[in-house]
Structure formats: C-alpha cells, structure tokens
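Next come the chains, spelled out residue by residue.
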Amino acid sequence: MAVTIKDVAKQANVAPSTVSRVLSDSPRISEKTKKKVRKVMEEMGYYINHNARVLVQKSTQTIGIVMKNSTSASLHDPFFPEVLRGISALCHQQSFNISITTGESEEAIFNDVVKMVQGKRVDGLIVSYSKKDDKVVPFLVKSGIPFVVVGKPIGKANEIMSVDNDNVQAAKEATEYLIRLGHTKIGFISEQPKYEVSAARLQGYTDAMRMNNLDIDADFIKHLDKSEPMKRVVDELLDGSKLPTGFVVTDDIAALNLLLCLREKNIKVPEEVSIISFNNTIIAKLATPPLTSIDTQIYQLGYESAKCLIEEIKNPLMFKKSVIIPTFIEERGSCQSLLDK
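Residues numbered from 1 in each chain as written. Predicted model: local features only at pLDDT ≥ 70, side-chain atom pairs only at ≥ 80, totals over all residues. Heavy atoms only, no water.

1. What about the nonpolar core?
- In terms of nonpolar packing, the biggest core is built from 45 residues, with Leu 125, Val 127 and Leu 140 touching the most fellow members.
- Those elements that provide at least two residues to this core are strand S1 (62-66), helix H6 (79-93), helix H7 (106-118), strand S3 (124-127), helix H8 (136-143), strand S4 (147-150), strand S5 (161-164) and helix H14 (298-314).
- If you tally residues by element for this core, the top one is H14, at 8 residues.
- Each residue touching Leu 140, except ones within four places of it in the same chain, is listed here: Val 113, Val 117, Leu 125, Val 127, Ile 145 and Phe 147.
- Of all hydrophobic cores here, the second largest spans 39 residues; its members include Phe 220, Phe 247, Leu 258 and Ile 276. (Core = buried A, V, L, I, M, F, W, Y, C linked by side-chain atoms within 4.5 Å. Buried < 20%, exposed > 50% of the residue type's maximum accessible area, 1.4 Å probe, protein only. Helix = DSSP H or I, 4+ residues; strand = E, 2+ residues; numbered from the N terminus. Contact = heavy atoms within 4.5 Å.)

Next comes the structure, spelled out in structure tokens:
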C-alpha cells in the first residue's frame, strides 16, 4: 500500500500542509522540522510523485542549459564540465533536474531552446555564454521565461539576470602581471570577438598597455577561428620577426596550443616567451611548464547561476541582479621576469 502525505504527517506529528511545504522547501518551515519530516519520509519509504507534482504545480522542476557550442565541442572544453558541476550541485540541493541542449550547430541549439520553452519542458534556462547576434537571449526575453546568462549580457543588461567575472579588470591584472616582470612587447590571443568575454578581456589588455605607456601593436592582437589557427598565428609573428616576449591568452586550451606551437619552433617557455592564460582548469596544471592562469572560479559561476535562476523561478517578481565572481592569479612556471636578464 502506497504511503501518503497524510501517513507521513501522522507519523511526524505535524499537519499534512506542513509536509507539503517541506516538499516544496518552503522558507516558512524551520530546518529542524524539515529534517524531522524528511527522516520520517525516508523511514516510511515515501517518494515524491514528480509527475503528479508537475500536474498540480504546473512546474517541471527542471532547468535547461544552453550550450555555447555542440555537445561534443563543449565537453572537450574543461570550462563547461566545471560550470555544469556547479549547476548540478545547486540543483541537487533544490531537487531540480537538468536538461541540456544537444544541437550540433547554432541553429540546432536555438531550435532546442524553442522546443524546451514552447513545450513547457523547463521552468527556466541558463545560457552559458554571451555573444553578439545571438538569437537565444532575445527569444527568451520575448517568451518571458526566467533565465540567467553566464557572462555580461549584450544590450539591455539591467533587464537580464547574469553571473560573470569582471573580465576587463581580470585581463588588466593579467597584462600588468607581465609588465611587472619587465615585459613591454605583449601579445593578446582570444576567441572570436563576437563573444562578449573576448571583447572585455581585449579592453582590459589595451587599458593596461595604455596606462603603462606601452605601444599596442595591432599585429600582436590575434583572434582565433577556423581560418586563423594557432599555428598560423605563430607563423605570422615569426615571419614578421616581431614575436612578443609575453602573451595574454584568454583560455587555457588556446594557451596550451600556443605552448605546443612555440615548442615546435624551438622557442622556450618561459625562457624566451612568457604566457598567462585564463580559467585555471586542469589543463593549466598539467601543461609543461604549468601555466600561470587567472582563476575565474568556474564552479562558482555555475553554482551562482543556478542559485539565481531557481530564486527567480520561485519568485518571478524579484529584481534582475548581476553577480560578479572574483578572480585571482594562480602563479606557475610559464612566466619569467626579464628584469634579471
């Protein structure tokens, strides 16, 4: 015979409405009572009928996650699994499930989002990027569904919930780190500039160079895409005999590729070229030499984005806030001072 809410309430010596509030994690119920009721539920073998809850509450208890790229590409980038780990941790605490877009192109990812929203498959979404000419965010704004952007929203930022780092300041600090080591010829390598994070970090780099009265060589600024792989970037710099002594690279994967391309040219890191990157993923720790990297606290970005989203799902009238996660430099062996030479 199935155990009901009334059975749990009787055993826990509370009202059935109290059990219902415990199931919905109501702030009106004390943690002591919640623990007591949950213990009784476990002992009696009571399990929530999620399908019934969806019908009654019109809630899926599910949030959607919009990939930056295809599933395969995203999972090969150590940034996304770590963001997902943070999201999952908070969702587990709040008894929410996760649904991830699986499209292999921008159009397919957008279609996945439309199906999630129009099919009422999710209560809200986390968009794991911010970029120009994006179709997803304008669609979500128009639909009225709760959502959070990981990154600084482009456009009406004050109307969109977001979780981000101060990427301008972080890149400024990365550049000034190399400047303090005596580097004056500093290159900048990033993803395509359509991504807001790339534009913000480029601004931080140029701000630091100008504030220190250093020349900004346009040939030292490179944006990677399919037509401009890292090998070509290094070849172009060497052909011009203008290789910087230091590089600010906006993610650890690109920094590792730079490291490997320099090694093929017999250019030593850090003896001849210093590299500082971003995200402080496992790649930075395992590279040879290990990469000095800006720790963007990826797990916390994911955790806070899920926290903000679930708060908005539970309270749709709450104000749209922007959460800034601090960064710090993790010093390793890929940078060397020129002052002692």
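2. Focus: the packing of H7 against H8
- The N-to-C vectors of H7 and H8 enclose an angle of 15 degrees; their axes lie 10 Å apart at closest approach. Overall, the two elements H7 and H8 adopt an arrangement that is roughly parallel. For the pair H7 and H8, the sense of crossing is right-handed. Contacts between H7 and H8 pair Phe 110, Val 113, Val 114, Val 117 and Gln 118 from the former with Val 136, Phe 139, Leu 140 and Ser 143 from the latter.
- Classifying every residue of the contact of H7 with H8 gives 7 nonpolar, 2 polar and no charged. (Axes fitted to C-alpha atoms, helices over the stretch in contact; angles between N-to-C directions. Parallel < 35°, antiparallel > 145°, perpendicular 65-115°, else oblique. Left-handed = near helix turned anticlockwise from the far one by under 90°. Nonpolar A, V, L, I, M, F, W, Y, C, P; charged D, E, K, R; others polar.)

3. Comments concerning the sheet that holds strand S9 (residues 274-278)
- Spatial ordering of the open sheet is given by S7-S6-S8-S9-S10-S12, a layout of 6 strands whose pairing is mixed. Sheet topology places strand S7 (221-223) and strand S12 (328-330) at the edges, where each strand pairs with a single neighbour. Strand-to-strand, the axes of this sheet are offset by a mean angle of 20 degrees, without reference to chain direction.
- Bridge count for S9 against strand S10 (residues 292-295) is 3 bridges, and the pairing is parallel. What sits directly across from Phe 278, in S10, is Ile 294.
- Lying over the sheet, helix H9 (residues 167-180) contacts strand S6 (186-190), strand S8 (246-249), S9, S10 and S12, oriented at roughly 165 degrees with respect to S9.
- Each of S6, S8, S9 and S10 is contacted by helix H12 (residues 252-264), which is oriented at about 160 degrees to S9, the strand it contacts most. (Pairing = 2+ DSSP bridges.)

4. Let's talk about the side chain of Ser 59
- If you trace the backbone, Ser 59 turns up in the loop between helix H4 (50-57) and S1.
- Under the relative-accessibility criterion, Ser 59 is labelled buried at 12%.
- A polar atom in the side chain of Ser 59 sits 2.8 Å from the side chain of Asp 123. (Polar contact = N/O pair within 3.5 Å; in protein donor to acceptor, adjacent residues only side chain to side chain.)

5. Topic: helix H10 (residues 196-211)
- The first and last C-alpha atoms of H10 sit 22 Å apart over 16 residues, in line with the 22 Å expected at 1.5 Å per residue.
- Among the residues of H10, those classed as buried are Glu 196, Ser 198, Ala 200, Arg 201, Gly 204, Tyr 205, Thr 206, Ala 208 and Met 209.
- Against the buried residues of H10 lie S5, H9, S6, S7 and S9. (Expected span 1.5 Å × (residues − 1).)

Structural measurements only, silent on function.
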